[in-house]
Amino acid sequence: MAHGILGRRTGAGLVALSLALAAALPLAAKAEDSAKPREATIVVTGEGSAEVAPDMALIDLGVVKDAKTAREALDANNKAMADMLAALKEAGIAERDLQTSGFMINPQYQYPQSSNGENPPPVLTGFQVTNTVTLRVRDLSKLGEIMDKAVTLGANQGGGIRFTNDKPETAVSAARKKAVENAMAKAKELTDAAGVGLGRVLEISETSYRAEPMPMMRAMAKDYAAEGGAVPLATGENSYSVVVNVTFALGK
């Protein structure tokens, strides 16, 4: 019986020892890793931009009509908007490039002046209906003509223009390359000043890219002058900017 108890205790002790050793191995590995000196690195931010002439414009055009009743205001607005949309399609704007972006019916009030210090209630004087459409103009040579025609047919609100590019990938790619080149040049300048070598690239991340309209005062800018009553417009250029973070190892 004693031998059996001793054997069970010995076996249990061996299992406990094995478990303790197994648990100690990862700790030993972590201790060894922490004992190793960390690789020296440098993190640099690079910026790059590329300019390209826009090939498309986004325009918001609205029709605002007032009347005594909401029905009358809506009917007047519907007619003006229908005429404007028909003219836009006739000018070459495709269905896919026309989208209603806003519609509102608002009561209009008059606030009477009080001569005895009281606040008389507002008086309903009518209704206002606003219908806004956003369109893409892919042929910029027609942009001034289209805006002039839209105003003639009833557009009396909006007119905000955003010049953009249908496919900006080429400009963004060029800006991205410039951003990486800028980061590498910065890292080289910093390490040269510190008297250390520049090692391999460990990590590259792109934070964002953005497009900004940039007025261009060079002769290559395309200006669409007013012809036959068309609205004069200048497209300038769009500037696409990219920012990257690059981590380098430091040499000796």
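Everything numeric here is computed off the predicted structure, so don't read it as measured data.

S.K.: Please provide a residue-by-residue account of the environment of aspartate 66, values included.
M.R.: Here aspartate 66 is to be found in strand β2 (residues 56-67). Judged by its relative accessible area of 52%, aspartate 66 is exposed. Between the alpha carbons of aspartate 66 and threonine 125 there is a distance of 9.9 Å; along the sequence they are 59 residues apart. Dropping the residues within four chain positions of it, aspartate 66 is found in contact with Ala73, Gln108, Phe127 and Gln128. At a separation of 3.1 Å, a polar atom in the side chain of aspartate 66 contacts the side chain of glutamine 128.

S.K.: Could you give me a rundown of the pattern of salt bridges, with the residues and numbers involved?
M.R.: This structure, assessed with the given rule, holds ten salt bridges. Across the pair aspartate 60 and arginine 162 runs a salt bridge whose closest N-O atoms are separated by 2.7 Å. Separated by 102 residues along the polypeptide, aspartate 60 in strand β2 and arginine 162 in strand β5 (residues 157-164) bring together distant segments of the chain. By relative accessible area, which is 23% here, aspartate 60 ends up partly exposed.

S.K.: For the sheet that holds strand β3 (residues 98-110), give the residues involved together with the corresponding values.
M.R.: Pairing is antiparallel across the open sheet formed by four strands, whose spatial order is β3-β4-β2-β5. Because the sheet does not close on itself, it has two edges, and the strands there are β3 and β5. Adjacent strand axes in the sheet meet at a mean angle of 15 degrees when their direction is disregarded. Of the strand pairs in this sheet, β2 and strand β4 (residues 123-137) are connected by eleven bridges, and their pairing is antiparallel. Within β4, the residue paired with alanine 57 across the bridge is valine 137. Against the sheet, helix α3 (residues 143-152) touches β2, β4 and β5, its axis set at about 5 degrees to β2.

S.K.: Quick rundown of the nonpolar core? Include the residues and the values.
M.R.: The biggest cluster of nonpolar side chains holds 22 residues, and the ones touching the most others in it are Leu61, Met84, Leu135, Val137 and Leu143. Elements represented by at least two residues in this core include exactly β2, α2 (70-90), β4 and α3. Residues contacting leucine 143, with those up to four places away along its chain left out, are Ala57, Ile59, Val137, Phe163 and Leu233. Core analysis: the next-biggest nonpolar cluster, separate from the first, contains 14 residues, Ile42, Val172, Ala179 and Val242 among them.

S.K.: A description of helix α4 (residues 169-194) should follow, citing residues and the corresponding values.
M.R.: Over its 26 residues, α4 extends 37 Å from the first C-alpha to the last, a length consistent with the 38 Å expected when each residue adds 1.5 Å. The complete set of buried residues in α4 reads Ala171, Val172, Ala175, Ala179, Ala183, Ala187 and Thr191. The positive-phi residue at the C-terminal boundary of α4 is glycine 195, with phi of around 75 degrees.

S.K.: Before we move on, could you go through α2 and cite the residues and values that matter?
M.R.: Over its 21 residues, α2 runs 30 Å from end to end, which matches the ideal 30 Å to within 8%, given 1.5 Å per residue. Residues of α2 that are buried include every one of Ala73, Leu74, Asn77, Ala80, Met81, Met84, Ala87 and Leu88, and no others. When α2 is viewed along its axis, its buried side chains cluster within an angular range of 160 degrees and face the same direction. Within α2, the exposed residues directed more than 90 degrees away from the buried face are Lys79 and Glu90. Phi turns positive, to about 110 degrees, at glycine 92, one or two residues after α2.

S.K.: Tell me what's going on with the pairing of β2, and back it up with residues and numbers.
M.R.: Where β2 meets β5, six bridges bridge the pair, whose relative direction is antiparallel. Opposite leucine 58, over in β5, you have arginine 162 as the bridge partner.

S.K.: Explain the side chain of serine 239 to me, using residue names and the numbers behind them.
M.R.: Among the secondary structure elements, serine 239 is positioned in strand β9 (residues 237-250). A distance of 3.0 Å separates the side chain of serine 239 from the side chain of glutamate 51, its partner in a polar contact.

Rules and cut-offs
- Residues numbered from 1 in each chain as written.
- Predicted model: local features only at pLDDT ≥ 70, side-chain atom pairs only at ≥ 80, totals over all residues.
- Heavy atoms only, no water.
- Helix = DSSP H or I, 4+ residues; strand = E, 2+ residues; numbered from the N terminus.
- Buried < 20%, exposed > 50% of the residue type's maximum accessible area, 1.4 Å probe, protein only.
- Contact = heavy atoms within 4.5 Å.
- Polar contact = N/O pair within 3.5 Å; in protein donor to acceptor, adjacent residues only side chain to side chain.
- Salt bridge = Lys/Arg side-chain N within 4 Å of Asp/Glu carboxyl O.
- Pairing = 2+ DSSP bridges.
- Axes fitted to C-alpha atoms, helices over the stretch in contact; angles between N-to-C directions.
- Core = buried A, V, L, I, M, F, W, Y, C linked by side-chain atoms within 4.5 Å.
- Expected span 1.5 Å × (residues − 1).
- Arc of directions from axis to C-beta.

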